[in-house]
Structures are given as structure tokens and as C-alpha cells.
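Take a look at the letters that make up each chain.
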Amino acid sequence: MKLSVIGCGYLGAVHAAAMASIGHDVVGIDVNERKIEALSAGQAPFFEPGLPELLTQGVAAGNLRFTTDMSEAHGADVHFVGVGTPQQKDGYAADLTYVNAAIDGLLPYLRPGDIVAGKSTVPVGTAAELAPRVEDAGATLVWNPEFLREGWAVQDTIDPDRLVVGVAGLSAGSGTQEESGSGSQDVSSRFARSTTEREDPGQRAAEILRRVYHPAVAKGTPFLVTDLATAELVKVAANAFLATKISFINAMAEIAEVTGADVTQLADAIGHDVRIGRRFLGAGIGFGGGCLPKDIRAFAARAEELGRSESVSFLREVDAINLRRRERAVTLVVDAVQGDIVGKKVTVLGAAFKPHSDDIRDSPALDAAVRLRGLGADVTVTDPEAIDNARRQHPQLNYVDDRDEALRGADVVLLVTEWDEYRRQLSPEHAASLTAGRLVVDGRNCLDASAWRAAGWQYFGMGRP
Ligand code: UGA
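Residues numbered from 1 in each chain as written. Predicted model: local features only at pLDDT ≥ 70, side-chain atom pairs only at ≥ 80, totals over all residues. Heavy atoms only, no water.

### Here's the deal with the site of the ligand
Close contacts around the ligand come from 21 residues, with L148, E150, K235, N239 and G282 the closest. Contact distances for the ligand include 2.8 Å between an oxygen atom and a backbone N or O atom of F353. Note that an oxygen atom of the ligand is positioned 3.1 Å from one of the side-chain N or O atoms of R444. Considered on its own, the ligand offers 710 Å² of accessible surface; in the complex 88% of this is hidden by protein. Elements with a contribution of two residues or more to the shell around the ligand: α10 (228-259) and α12 (292-305). (Near = heavy atom within 4 Å. Polar contact = N/O pair within 3.5 Å; in protein donor to acceptor, adjacent residues only side chain to side chain. Areas by Shrake-Rupley, 256 points an atom, 1.4 Å probe, with all protein chains shown as cover. Helix = DSSP H or I, 4+ residues; strand = E, 2+ residues; numbered from the N terminus.)

### A short note on the pattern of salt bridges
By the definition in use, this model includes 36 salt bridges. Linking K294 and D295 is a salt bridge whose minimum nitrogen-to-oxygen distance equals 3.0 Å. For the pair shown, K294 and D295 are each scored as buried. Of the charged contacts in the structure, one is a salt bridge between R391 and D388, with a shortest N-O distance of 3.8 Å. (Salt bridge = Lys/Arg side-chain N within 4 Å of Asp/Glu carboxyl O. Buried < 20%, exposed > 50% of the residue type's maximum accessible area, 1.4 Å probe, protein only.)

### Quick notes on the packing of α10 against helix α13 (residues 314-336)
Running from N to C, α10 and α13 cross one another at 50°; their axes reach a closest spacing of 9 Å. One element, α10, and the other, α13, form an angle in the oblique class. In terms of crossing hand, the pair formed by α10 and α13 is left-handed. Between α10, through A240, A243, T244, S247, N250, A251, A253, E254 and E257, and α13, the contact on the second element is made entirely by F314, L315, V318, I321, N322, R324, R325 and R328. Of the residues that constitute the contact of α10 with α13, the class distribution is eight nonpolar, four polar and five charged. (Axes fitted to C-alpha atoms, helices over the stretch in contact; angles between N-to-C directions. Parallel < 35°, antiparallel > 145°, perpendicular 65-115°, else oblique. Left-handed = near helix turned anticlockwise from the far one by under 90°. Contact = heavy atoms within 4.5 Å. Nonpolar A, V, L, I, M, F, W, Y, C, P; charged D, E, K, R; others polar.)

### Considerations on the pairing of strand β5 (residues 115-118)
Side chains of β5 alternate between two faces, with I115 and A117 and V116 and G118 buried alike. Here strand β4 (residues 78-81) runs beside β5; their pairing, made up of four bridges, is parallel. Bridge assignment links V81 to a residue of β5, and that residue is G118. Each parallel crossover has a hand, and for β4 linked through helix α4 (residues 97-106) to β5 it is right-handed. The sheet contact formed by β5 and strand β6 (residues 140-143) spans four bridges and is parallel. Bridge pairing links A117 to V142 in β6. Running through helix α5 (residues 126-136), the crossover from β5 to the neighbouring parallel element β6 is right-handed. (Pairing = 2+ DSSP bridges. Right-handed = clockwise from strand over helix to strand, strands pointing away.)

### So, the confidence of the model for the protein chain
Mean pLDDT over the protein chain works out to 94, with 94% of the residues at or above the 70 mark. Between residues 180-191, whose pLDDT stays under 50, and residues either more than four places distant or in other chains, the model counts 22 contacts. (pLDDT = per-residue confidence, 0-100.)

### Regarding the sheet that holds strand β12 (residues 398-399)
On the basis of which strands lie adjacent, the open sheet formed by six strands has the order β12-β11-β10-β13-β14-β15 and parallel pairing. Here the strands that pair on one side only, and so sit at the sheet edges, are β12 and β15 (458-460). As judged from the four bridges shared by strand β10 (residues 345-349) and strand β13 (residues 412-415), these two strands associate in the parallel manner. Counterpart to V348 in the pairing with β13 is L414.

What follows is the structure in C-alpha cells.
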């Protein structure tokens, strides 16, 4: 099928490349010329494992191209909108400037029967507001949220754990879920540009999306057709749940800290209950990135607009617990040097908000590094992928590419992004041969505390004795 993807950031670039890799003819469109140049040359403008390979293949095969010219969307059957929805500068709500601009820019190039599939994370109600503009052009708007994780984005896009398509005009409770590949078999015969009397535009759009995602649908990936509001909410509810799960265990870490309990053992023990599950119960310095923090704030802001602020008021608490963990990590470093932080050499292992990413948006790692510097510490930051981004945002910090060089002469080591280079490949003995002090603060509870202690280190975990 012919597809356009508007917005070529973390979401759109991966979506475009992944859709080309499953055989579609894809044009990716973005206003940023530098990004488009890189993508056109088969280069990923950010670190995402597997993406460069897909870009090179698609560009070479000729079924993947990138442009800044919106008119090239003309002729595509489905137009995916994957632009950013950052937090507003002066508030918690989502900034929809880019979504509105993408839709407005696209409208002149839509043909009757085209599908516009929103993928951006938006406040519930956004799609219903946008739909009439798209319908005026004879096209159909659906909302098709994205659940990819940075670092696993390619895999998550090609082989997602569920597909959700919100369509207009679906009466309450009439959503469908298909778990077998059967729905995909007759799709091509039903794929017609004009709608029949039996087929409303929403159902037709859902059929077309099934065809877009054919490989995943054929292998039985759950495909849920909902109304627009539900699809928008699925996305923010999922991120709100994940954020809540992390802050829950971090709240337990706070209790563990005053009782001598060990939050990692606690997480292991409750995680054995399949109703709870161990994933996303990693206590530590907390969550960051371009999604979880801003999504829970935007959700709370939207609930307030809807007169339901009390329904998600717990999200303010989730946010507050999360931000306290950053302070806690800093306090642990200061306590490790008995309060005498001025001039102390602190090596911060990690700058990205999580491993396998060079994304530093709202990174707890950099937040801690900046605070420590503010307290007078001599801070050196290292990261396998994120140093360039970090340096642009926080030029006042020292950056060293090489892990061992960064560790040389350190009084305290603070691990904040659990890259394998730090968590698995750095032995406490080797680290001790480089540093001046033997103080390690494990902001991700990912080191073997007993091994580090046995090698002569004072080990400080988060929510651990
Ligand atoms: C998150 C969601 O997991 C995706 O499903 C969603 O599609 C995406 O946001 C989005 O909205 O686009 P992502 O931001 O890539 O994905 O990162 P996560 O893997 O969710 O991690 C978020 C943060 O939580 C990281 O800072 C990570 O270190 C932290 N985290 C994660 C913990 O502190 N503890 C854990 O146990 C797990």
C-alpha cells in the first residue's frame, strides 16, 4: 500500500522504516531538513537499534523516501500522523501545535477515501475535534496509538503486542477484538475507495488498517477496534499505569529506607504474584523520557478540563514520588562523602533516560548530575550514546566518552542509566583500580551489592539497606 508518515521523530521515522520493511511504499515527511537529509541517506538521526539497517534497506529498495514537501503525501492511501505533543511551556497540558499543523498541512493533499491515522499521544477528545476537518476533504480520521518503547522501537512496531484503532461513529460497546488472522484474508477484496451502504467509513478504515498491519494481524496479534475516545485513552491509560507501577515501588523504597527493608527483595516477592508481575517494579531514580512524565501531566490536565480532576489526582502523587527519587539519589551521594561534596569528583554513569537510547528528555540521570554540580561537586558524565545530546543541553558538565577514563580518580561513582557497560561489564575490582574512592551509589539497583562490597566498596542502593 502507499503510505505517508507525517513527523519523522522517534515515532514517525521508525514507523516509516518499519512499514517499508513489511512491503509498503512509504514517504516520510518532516519540516526538519537536517533530519530529512540524514534519513534520505539511510542514517538514523537518533540512536535506535535496528533502525539504520531498515532505513538503508528501504531507501536502497526504493520503497522508502523522505521529504520536507507535504504535497508528496498526495496519492497515499493512509497518512500516519506521528508528530510530537510535548508539554506546554507554561503548563502541564499537551501542546497540540504540531498535530494541528500536520493536519492543516495535509488537508490540501487528501483524496476522498484516504485514511488519516493519528499516532501521536493526544488528550482524549482531540480526534473528535479534528475529524470534521478531515471529513470535509472526504477522508476518514482514525486514531491508532503507538506503544513502542525506545530501544525496542523497531521490534515493537513490526511485532506489537496489540493494535488499537479508534474510529468515529462506533456506538458504545460495539468495539471488536480479533485474535486470529482470519480477519485479514478477505481484506483486499473489501478494500475499495468508495464506501458501500453496508460498510461505514470507520469500519472500512479499520479494514484498511488491518491490511497495513497484515503480518502482525496474520500472526494473531490482538486487533481492537474502538471509538475514538477509547483509543486515545488506551494510550494515556497505559502510560499512566506504567508510571504508577514505577512510583508505587519507589514509594515502597521510601518506606524501606526508614525501616531497613530491601525494596528489590520486596519487588521480587510481590512480583511472583502473576496479578502483580515483576516488570516495571524496578525501584531507583525513577522514570524519565519524552513520554511517561509529560503524558501523566497532560492526562491530569485534561481530566481537570473534563471536571474529573479527582479521578486521576493520584497521578500528581505519582509525579511527586518520581521527582523525589532524583533528590534521594543526590542525597545518597552527599551522605556518602559525609556532606563534604564541594570539589568532590563524582562520576555519573549514564546520561540517557534509559539504556539503549540516546534520548535525554527529562532524564533523571542528567537531573542528578546537574544538581550535584549545583552543590559544588566536580561532575563527570559518561554514556555510550547520549553524550552529544547531553552536552548540547547541559554544556556546563564535563563529558568523557570512555567509561574508564571517566572513572579515573573519582571519589564517588553514581550509576543512573543501567547500560550493560556499567551493570554487567564493569567489575568492582576493575572500577576500584581506576577510582580514588570506593563509594558507589546504585541509582538503578542493578549492581550486585555483595560483589561490590566484597571488593572493598561502600555500596548505597535506593530503598536497600
Ligand atoms: C514508554 C512506554 O513504555 C511505551 O509503551 C510507550 O509507547 C512510550 O512510553 C510512548 O509513550 O511513546 P519509553 O518512554 O520508551 O516507553 O520508556 P520505558 O521503557 O517505559 O521507560 C520509561 C522510564 O521508566 C525510564 O526512565 C526507565 O528507566 C524507567 N523505569 C522503567 C523505571 O524506573 N523502573 C522500571 O521498572 C521500568
